[in-house]
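Examination of the molecular architecture
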Amino acid sequence: MKDDFIFGLRPVLEAIEAGKTIDKIFVQNALQGEIYAELKAILAKNKIRPNYVPVEKLNRFTRKNHQGIVAFISDVPFHRIENIVPELFEEGKTPFILILDRLTDVRNFGAICRTAECVGIDAIVIPEKGGAPVNSDAIKTSAGAMYNIKICKEPNLAHVVDFLQQSGIVVFSATEKAQKLIYDVDFTAPCAVVMGNEETGISKEVLHHSDEKIKLPIEGKTQSLNVSVACGAILYEAVRQKITKI
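It should be emphasised that the depicted structure is a prediction, and the values quoted were computed from it without experimental measurement.

1. Section: the UniProt feature "domain: RNA 2-O ribose methyltransferase substrate binding" (unreviewed entry) in the chain
Sites flagged by UniProt as "domain: RNA 2-O ribose methyltransferase substrate binding" (unreviewed entry) map to residues 5-79. Helix makes up 37% of residues 5-79 and strand 29%, whereas the separation of the span's terminal C-alpha atoms amounts to 21 Å.

Okay, here's the thing in structure tokens:
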């Protein structure tokens, strides 16, 4: 983890100005000062939203003089979904998008990125807040696949779903409450698949905005699969359909 974060007002400011990708940034509540005012303006300019937290949380990251700010750096650049989708259509591709709604486990995240890259997912969308960090552990678990897939960090996933639908992309949400199995829907058209948090699943807002709710068949006593395993099963059903259609 130490390799993934920096702290201190000036080091963080210089990292942003140098073009480093900021995964998450934590700022002490009510932080003041001239340098912070300068940093705050740069954060706004670069559309980086800080998480305001008590000093005790920052002290858990480091015992050194953090000056009220800790930033986590990612080696993976972030993209915007509204830029990627038009490019895909212009290239004559059939968009295939994956949305991860607040997944928190780094290993699940990395494993899903590995599977997604293998099946040809065009982009993975994650939330700005509440998701697993895009750090060295995630990259390692993905076996480097995160370097080869576009990751979009977005402030509002429900708005992303709306944008995709307006672009002609059908959005499928994976939930145990669904009536349809993954084998009963068409993945061959432009589509996106939403996978939810390990404990609470997909948020109500995102579920409400989705076109279809889908699920995997469960025959045993255990009522749910690990999210990485479930995601792999769904994505490979989509691959099967695409291959069969060809």
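2. Considerations on the pairing of strand 11 (residues 191-195)
Remark: a regular strand shows side chains that alternate across the two faces of the sheet. Extensive coverage of strand 11 is indicated by the burial of five of its five residues. Alternating positions in strand 11 separate into two faces, Cys191, Val193 and Met195 on one and Ala192 and Val194 on the other, with burial throughout. Bridging between strand 6 (residues 96-100) and strand 11 involves five bridges; their strand directions are parallel. When the bridges of strand 11 are listed, phenylalanine 96 appears paired with cysteine 191. Pairing between strand 9 (residues 170-174) and strand 11: four bridges, direction parallel. The residue of strand 11 that forms the bridge with valine 170 is cysteine 191.

3. Thoughts on a nonpolar patch on the surface
Residues Ile218, Leu225 and Val229 make up a contiguous nonpolar surface patch of roughly 240 Å² in combined accessible area. By relative accessible area, which is 33% here, isoleucine 218 ends up partly exposed.

4. Some thoughts on the packing of aromatic side chains
One pass over the full model with this rule turns up seven aromatic pairs. Measuring from centroid to centroid gives 5.4 Å for phenylalanine 5 and phenylalanine 72, while their planes differ by 55 degrees, and the two rings are tilted. Of this pair, phenylalanine 5 sits in strand 1 (residues 5-7) while phenylalanine 72 sits in strand 4 (residues 69-74), and the two are 67 residues apart along the sequence. By the burial criterion, phenylalanine 5 is buried, and phenylalanine 72 matches it.

5. Some thoughts on the state of the cysteines
Applying the stated rule across the entire model yields zero disulfides. Distance from the sulfur of cysteine 191, which forms no disulfide, to the nearest cysteine sulfur (cysteine 231) is 12 Å. A disulfide-free cysteine, cysteine 231 has its sulfur positioned 9.2 Å from the sulfur of cysteine 113, the nearest such atom. Given a relative accessible area of 1%, cysteine 231 falls into the buried group.

Calculation criteria
- Residues numbered from 1 in each chain as written.
- Predicted model: local features only at pLDDT ≥ 70, side-chain atom pairs only at ≥ 80, totals over all residues.
- Heavy atoms only, no water.
- UniProt positions renumbered as here; feature names shortened; annotations may be inferred.
- Helix = DSSP H or I, 4+ residues; strand = E, 2+ residues; numbered from the N terminus.
- Buried < 20%, exposed > 50% of the residue type's maximum accessible area, 1.4 Å probe, protein only.
- Pairing = 2+ DSSP bridges.
- Patch = residues over 30% accessible without salt bridge, like charges linked within 9 Å, V, L, I, M, F, W, Y side chains within 5 Å.
- Areas by Shrake-Rupley, 256 points an atom, 1.4 Å probe, with all protein chains shown as cover.
- Salt bridge = Lys/Arg side-chain N within 4 Å of Asp/Glu carboxyl O.
- Phe/Tyr/Trp six-rings, centres within 6.5 Å; stacked < 30°, edge-to-face > 60°.
- Disulfide = S-S within 2.5 Å.

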